[in-house]
Amino acid sequence: MESGAAAGPGGGRFPFPYTPYLIQERFMAALYGALEAGRVGIFESPTGTGKSLSLICGALSWLRDFEEKKQREEARLLAPEESGQEGKKPLTPAEPGAPGSRDTAGEPDWVTAFVQKKEERDMVDRLKEEQIRRKKREDRLEKIRHNVQLKYAAKRKRSEEDETKHLLQLSKEVLSEGAGVDVLEQLDHNEEELILAEYESDEEKKVVSGLEEDDDDLEEEHVTKIYYCSRTHSQLSQFVREVQKSPFGKDTRLVSLGSRQNLCVNEEVRRLGALPLINDRCMEMQKNKHEKKSDEESEGKKRRASRTVCPFYSYEQMQFLRDEVLVEVKDIEQLVALGRETKACPYYGSRYAIPAAQLVVLPYQMLLHEPTRSAAGIKLKDQVVIIDEAHNLIDTITCIHSVEVSGAQLCCAHSQLSQYMERYRKRLKAKNLMYIKQILYLLERFVAMLGGNVNQNPSCQAVSQTGTVLKSINDFLFQSQIDNINLFKVQRYCEKSLISRKLFGFVERYGGPGTAVKTNKENQKLAGLQNFLLTLQQGSDKEGAPQIPPVEAENDQLRTASPLMQIEGFLSALTNANQDGRVILSRQGTVGQSSLKFLLLNPAVHFAKVVEECRAVIIAGGTMQPVADFREQLLSCAGMDPARVVEFSCGHVIPPENILPIILCSGPSNQQLEFTYQTRDLPQMMDETGRILCNLCNVVPGGVVCFFPSYEYEKQVYAHWEKTGLLTRLATKKKIFQEPKKANQVEQVLVEYAKCIKRCSQAGGQMTGALLLSVVGGKMSEGINFSDDLGRCVIMVGMPYPNIKSPELQEKMTWLDKTMPRAAGEAPSRVLIENLCMKAVNQSIGRAIRHQKDFASILLLDHRYTRPAIFNKLPQWIRDRTQVKPAFGSAFAELRKFHRGKSDAL
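About the cut-offs
- Residues numbered from 1 in each chain as written.
- Predicted model: local features only at pLDDT ≥ 70, side-chain atom pairs only at ≥ 80, totals over all residues.
- Heavy atoms only, no water.
- Helix = DSSP H or I, 4+ residues; strand = E, 2+ residues; numbered from the N terminus.
- Expected span 1.5 Å × (residues − 1).
- Buried < 20%, exposed > 50% of the residue type's maximum accessible area, 1.4 Å probe, protein only.
- Pairing = 2+ DSSP bridges.
- Axes fitted to C-alpha atoms, helices over the stretch in contact; angles between N-to-C directions.
- pLDDT = per-residue confidence, 0-100.
- Contact = heavy atoms within 4.5 Å.
- Parallel < 35°, antiparallel > 145°, perpendicular 65-115°, else oblique.
- Nonpolar A, V, L, I, M, F, W, Y, C, P; charged D, E, K, R; others polar.
- Salt bridge = Lys/Arg side-chain N within 4 Å of Asp/Glu carboxyl O.

This part is about helix 32 (residues 828-845). Counted at 1.5 Å a residue, the expected span for helix 32 with its 18 residues is 26 Å, and the 25 Å between its end C-alpha atoms agrees. The buried fraction of helix 32 is high, at 16 of 18 residues.

So, in structure tokens, the structure goes:
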């Protein structure tokens with residue numbers, strides 16, 4: 001069998017850009033086997049072992065073989081067709097009623113044969129159609145690949161169209177200037193855009209397709225493909241570049257998907273900034289396009305003439321873009337550039353390429369969130385899904401489906417919506433008014449649950465009973481007295497009517513200063529809204545008075561997003577099954593600062609759908625330990641048969657002597673190292689940590705990265721060292737850098753850190769490099785490489801256990817203890833806490849070794865790391881080489897020997 005050949009390590013079955021490491025060959029063989037057998041695989045391959053290339057070459061080799069096998073099967077079935085009907089004649093079933101056509105059991109055998117033959121014939125017809133379609137597509141792509149003239153013709157046509165549009169626009173402007181249109185009339189005319197269209201019915205109407213109906217490509221079958229997803233757009237771009245460099249780079253049909261924020265090329269829409277606004281504006285422009293068609297037929301009405309449509313949403317141009325995408329592998333940046341050049345929307349153009357693509361590259365959210373998945377036209381039935389960088393998969397699914405809304409947002413939305421309803425009451429149809437009133441009632445009840453009144457300023461209403469309360473979904477619905485409202489219908493209304501977009505437009509027009517409003521009475525009302533929003537902005541600014549002038553502050557807040565958009569997400573979350581989530585009521589100082597949060601407890605319900613539909617699912621990462629989390633919380637809970645799950649973990653490519661992991665149980669003055677919440681604040685613990693660092697900085701060259709459990713503790717230790725003078729001693733050997741809390745400053749700190757290390761290594765002298773004080777779970781514990789001199793030693797201070805007092809974590813622990821069996825005598829909640837801690841540790845210490853020739857020492861400061869339950873959760877390639885040192889002396893000697901040996905070898 002083919003997969004057998006593939007399974008043989010180094011069987012030469014996997015095209016690779018260079019000679020693969022043995023572990024890469026094993027990885028590819030295991031991956032091929034899992035895909036062939038339709039398994040769910042948990043694959044671990046440490047960073048620096050070429051995981052991306054192994055995934056690409058292993059998975060695409062399987063896809064190539066699968067397609068070849070399928071085509072051979074097709075050819076076999078179609079072969080009798082080619083040779084004409086004569087060969088098939090004897091196979092036709094007996095004529096109805098012919099003697100001897102009924103067997104003894106009373107079942108006519110000709111019926112069975114007829115059904116079989118019909119199925120066979122249908123299959124042959126389907127295969128023929130598929131073949132024709134495939135041939136058509138291949139010809140079209142081939143033509144584009146070789147016929148440069150075709151591209152230029154399309155370009156020329158586009159520029160001619162632009163020119164015509166421009167001239168038309170100019171003549172319209174000249175005409176309108178001549179006519180001297182009344183400005184107020186014009187304003188009123190534009191305002192039509194803000195009024196909700198008639199909402200026909202709760203029942204699903206026939207959806208208008210955004211495409212021309214006669215196009216036969218619409219029915220395009222989804223070919224077998226691989227969906228590859230990762231966390232960030234930069235990781236996806238990196239993956240696409242790896243595909244381009246691989247042996248499959250030339251002939252793989254790859255499409256990159258992204259959000260509108262990343263792919264939109266309409267500057268007017270991009271300028272909105274916030275993703276919900278961009279989404280809504282885009283949807284509205286499409287709606288306008290369809291309405292424009294029907295309006296052109298009844299041109300007597302002057303009503304909708306002002307509605308804007310997107311110039312990039314042209315089906316013809318998007319088809320052209322789709323084919324360009326399929327011809328050559330492109331990452332997001334290249335796709336956007338192509339969209340601008342061809343005046344076609346990359347967001348929709350890339351979606352039209354999904355059916356024919358072999359490899360679809362997309363961010364987590366798009367694949368794991370079902371509504372987003374179906375909106376993007378992603379069909380998972382019998383496809384392969386690879387989820388990379390999956391160490392945080394459980395948290396990611398939880399976060400995607402958890403939503404928080406503040407009291408300030410609820411009151412703000414209520415105020416905006418009331419003003420909107422007042423202004424347009426006479427123009428809104430009964431259905432719209434009914435739903436707006438329902439939404440206003442929901443907002444009123446939500447604020448009441450936080451102990452406030454929706455008609456008063458939230459930042460001036462103090463909350464009497466502060467604290468956090470958790471409720472099941474049903475309890476929350478009953479207690480807020482909204483269990484009689486059909487949330488599914490309200491949610492659908494919000495989606496279909498684009499109400500949050502209309503509301504945003506309304507507030508943008510009248511919420512800001514200096515807008516022309518007609519009557520005095522309305523002016524007062526809207527001035528009220530302006531002042532109210534202003535007080536909200538000032539009230540919600542917990543850090544004190546904003547630095548920007550109040551008017552700008554208000555405008556800035558309005559730009560971010562309409563609060564109703566966030567609230568729609570919360571309503572949608574409340575439609576989850578009662579047992580799978582909780583509502584957290586957090587009552588702080590004022591109603592404005594209080595919040596409602598939906599917390600998803602069971603991520604498996606959302607992951608189960610992915611696993612059920614797919615042919616195979618691969619969950620891959622650099623450090624997947626501890627794996628039990630994935631097995632229990634995701635796969636068992638999703639009803640997965642344990643026999644379908646396979647695990648693969650490979651070692652590292654670095655030689656054993658290039659890494660020195662040490663668990664240190666006590667410091668230089670024999671102080672036992674145990675950083676619990678009770679002991680870590682003691683001066684002697686902070687002094688001991690400082691002494692360890694001072695000693696290390698004397699023998700470790702280049703960069704030392706020291707991870708603390710939290711920002712607060714890092715600040716506290718830093719202040720203590722400053723006071724005791726230890727910081728000055730440290731600074732003679734290493735320049736000290738601190739991880740900034742703000743994400744936009746991280747890059748700057750890293751650049752300075754790297755420059756300093758480079759300068760010291762070239763200059764020689766007393767200063768030997770830099771020390772970076774980082775935080776576990778911060779910006780630098782994930783996704784940033786401290787390769788070579790940037791990280792010759794990684795130190796972990798204490799054990800970064802999560803905050804056990806957090807109500808969300810407590811609820812999750814209670815839920816796990818109720819629903820999960822005890823593992824090896826330990827309560828599932830206890831295991832969860834240890835796993836969260838060790839996942840964070842593994843992520844942080846994995847930052848140092850990034851390629852085969854790299855070397856580093858790793859120091860874990862806490863005797864609790866020696867406990868078997870904890871020790872066994874370290875990645876195997878680190879665990880196998882770890883030394884436990886009860887005293888500091890022998891650990892220091894070992895470290896000095898290691899780093900001296902390496903320096904001499906360099």
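So, on to the sheet that holds strand 4 (residues 359-363). Backbone hydrogen bonds are what pair the strands of a sheet, in a parallel or an antiparallel way. Pairing within the open sheet is parallel, and its 7 strands lie in the order 3-4-2-5-10-1-11. With one partner strand each, in any of the chains shown, strand 3 (254-256) and strand 11 (645-649) form the two edges of the open sheet. Neighbour to neighbour, the strand axes of the sheet diverge by 15 degrees on average, direction disregarded. Relative to strand 10 (residues 616-621), strand 5 (residues 384-387) runs parallel, the two being bridged by 4 bridges.

A word on the confidence of the model for the protein chain. Across the protein chain, pLDDT averages 77, with 78% of residues at or above 70. Looking across the protein chain, the model is least confident in helix 1 (residues 2-7), with a mean pLDDT of 35, and most confident in strand 5, with 92. The low-confidence segment residues 178-187 (pLDDT under 50) makes 6 contacts with residues lying over four places distant or belonging to another chain. Taken as a whole, residues 204-218 scores under 50 in pLDDT and shows 20 contacts with residues more than four places along the chain or in a different chain.

Two elements in contact, helix 18 (residues 430-449) and helix 24 (residues 563-573), have axes whose closest approach is 12 Å; the angle formed by their N-to-C orientations is 80 degrees. By the angle between their axes, helix 18 is roughly perpendicular relative to helix 24. Here I439, L442, L443 and F446 of helix 18 come into contact with helix 24, specifically with L564, I567, F570 and L571. For the contact of helix 18 with helix 24, the class distribution of residues is 8 nonpolar, no polar and no charged.

Glancing now at unusual backbone geometry. Not every positive phi belongs to a glycine, and K343 is a case in point at roughly 55 degrees. Tracing the sequence through the fold places K343 in the loop between helix 12 (332-342) and helix 13 (346-352). Positive phi, close to 60 degrees, is recorded for Q481, a residue that is not glycine. With respect to the element layout, Q481 can be found in the loop between helix 19 (473-479) and helix 20 (487-497).

This part takes up the pattern of salt bridges. As a working rule, side chains carrying opposite charge can pair if their charged atoms are close by. Here the structure, examined in full by the defined rule, presents 22 salt bridges. Linking R64 and D65 is a salt bridge whose minimum nitrogen-to-oxygen distance equals 3.2 Å. Looking at R64, the relative accessible area reads 28%, which means it is partly exposed. What makes D65 buried here is its relative accessible area of 3%. Among the ionic pairs, E422 bridges to R425, the shortest N-O distance being 3.4 Å. Since its relative accessible area comes to 34%, R425 is described here as partly exposed. Three or more residues are tied together by salt bridges with common partners; here these are K51, D388 and E389.

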